[in-house]
Amino acid sequence: MGTYYCLGSVERYLFEMSFTSNRCRIGSNFLPCKVSKLHPLYQNLDKSSPANAPLIMGILNITPDSFHDGSHYNTLELAVSRAQAMIEAGVDIIDVGGESTWPGAANVSETEEIERIVPIIKKLQQFGVNISIDTSKPAVMRAAVGAGANMINDVRALQLEGALQTAVDLKVPVCLMHMQGKPRGMQNAPQYQDVIEEVLAFLQRRVRVCEEAGIDRQLLSIDPGFGFGKTLKHNLIMLTYLEKFVDLGLPVLVGLSRKSMLGEMTTKPVNQRLASSLTVALVAMQKGARIIRVHDVDETCDVRRVYVALEKLNREHKT
Ligand code: 7PJ
């Protein structure tokens, strides 16, 4: 222990990793031994892929001001055809969002958010696909689940007034994400003493609060929140040490698709970040992420196919 605390944070992770690399392997993916039973939503039920292959969550923004594809898909018809393409490509969960959380986005009223997302969720529900609702507002959560959504994805980790109780009542899986600050201004000089420890501590605290409020642990998943109040360096550290989050024993969701950190590294605009998005998707899969949240479902499903084939071979050689 003495040596441990003399080490700098990066060395400390390396030191600890030498002890945590001994994880048990379940299916094709690394999962910590603590995970005894995954909620069905977090399992890959696709018969053609191994039971524990990571899940692909497709982003369906219904926001006219969305930075990537919202403006092109802001009508019901276009949103449905985009969702159908995702389903054909092999998506596991469609994440419907009616509020933009990028730094320059306009605030959306509760009524407007509900009007945006309910018709599309009602449509998607007929296709039998898993639907998550990307919102922090309790009334939107209720309307979405009422219309057929079966997961809540909250970038504010159920911290808005009434959100926690709403999630308790709705009894659907919930993703708790870390964010430093608020969307407007969160990228103005974010600071951490130790980004891994602080984000881990926040997520552990929120998990405890949820469990104490009566949410079944099996319903919970966690997300370090790439790009939400983090510099490029913070994001790179979080991806490098993603195993630390996986080791908490809850499914880890990772959202890196087309984010500005990829633009910083490649100097490419958002519509030219496919290659870098696929690269980080593979890294996240290899580090044990359970859900990969992406714009490019078809291409990311190809990445998963390659990853699964490599894992399968790896497993056969171990046994
Ligand atoms: C995330 C999200 C993410 C989760 C957005 C964007 C910005 N939800 N919603 N994780 N990002 N759980 O897609 O670039 O990283 S909106």
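Refer to the structure printed above.
What counts as what
Residues numbered from 1 in each chain as written. Predicted model: local features only at pLDDT ≥ 70, side-chain atom pairs only at ≥ 80, totals over all residues. Heavy atoms only, no water. Helix = DSSP H or I, 4+ residues; strand = E, 2+ residues; numbered from the N terminus. Buried < 20%, exposed > 50% of the residue type's maximum accessible area, 1.4 Å probe, protein only. Contact = heavy atoms within 4.5 Å. Areas by Shrake-Rupley, 256 points an atom, 1.4 Å probe, with all protein chains shown as cover. Salt bridge = Lys/Arg side-chain N within 4 Å of Asp/Glu carboxyl O. Pairing = 2+ DSSP bridges. Axes fitted to C-alpha atoms, helices over the stretch in contact; angles between N-to-C directions. Near = heavy atom within 4 Å. Polar contact = N/O pair within 3.5 Å; in protein donor to acceptor, adjacent residues only side chain to side chain. Nonpolar A, V, L, I, M, F, W, Y, C, P; charged D, E, K, R; others polar.

A.B. asks: What is the right way to read the overall build of the protein from this model?
C.D. replies: Secondary structure assignment for the protein yields twelve helices and ten strands. A buried classification covers 54% of the 319 residues belonging to the protein. Contacts in the protein between residues far apart in sequence, at least 24 positions, make up 69% of those at least 6 positions apart. For the protein, the exposed area adds up to about 14,400 Å²; of that, 54% sits on carbon and sulfur atoms.

A.B. asks: Before we go on, may I ask you to explain the pattern of salt bridges in this structure?
C.D. replies: Where side chains of opposite charge bring their charged atoms close, a pairing between them can arise. Counting across every chain of the model gives 13 salt bridges. Here K137 makes a salt bridge to E113, at a shortest N to O gap of 2.5 Å. Remark: E113 occurs in helix α4 (residues 110-125) and K137 occurs in the loop between β5 (130-134) and α5 (138-147); sequence separation between them is 24 residues. Residue K137 is classed as buried on the basis of its relative accessible area of 15%.

A.B. asks: I would appreciate a short explanation of the sheet that holds strand β6 (residues 151-154) in the present structure.
C.D. replies: Sheets are built from strands that pair by backbone hydrogen bonding, the pairs being arranged parallel or antiparallel. On the basis of which strands lie adjacent, the open sheet formed by eight strands has the order β8-β7-β6-β5-β4-β3-β10-β9 and parallel pairing. Looking at which strands have only one partner, the edges of the open sheet turn out to be β8 (220-223) and β9 (253-255). Pairs of neighbouring strands in the sheet enclose a mean axial angle of 25°, with direction left out of account. Inspection of the sheet shows strand β3 (residues 55-61) paired to strand β4 (residues 93-97) by five bridges, in the parallel sense. Within the sheet, the bridge partner assigned to N61 lies in β4 and is G97. Running at roughly 170° to β3, helix α3 (residues 76-89) makes contact with β3 and β4 of the sheet.

A.B. asks: Can you walk me through the site of the ligand in this structure?
C.D. replies: Neighbouring residues of the ligand: twelve residues in total, closest D134, N153, D223, K259 and R293. Within the side chain of D223, a nitrogen or oxygen atom sits 2.5 Å from a nitrogen atom of the ligand. K259 is positioned such that a nitrogen or oxygen atom in its side chain is 2.6 Å from an oxygen atom of the ligand. Notes on the ligand: free accessible area 390 Å², of which the protein chains cover 92%. Its residues assigned to classes, the shell around the ligand shows five nonpolar, three polar and four charged.

A.B. asks: Sorry if this is basic, but what is going on with unusual backbone geometry here?
C.D. replies: Among all residues save glycine, negative phi is the norm, and among peptide bonds the norm is trans. Positioned with a positive phi, A157 is a non-glycine residue whose angle comes to about 50°. Relative to the helices and strands, A157 resides in the loop between β6 and α6 (163-170). You will see that T267, though not glycine, has its phi angle at about 55°, which is positive. Checked against the element boundaries, T267 lands in the loop between α10 (260-266) and α11 (274-286). Judged by relative accessible area, which is 69%, T267 ranks as exposed.

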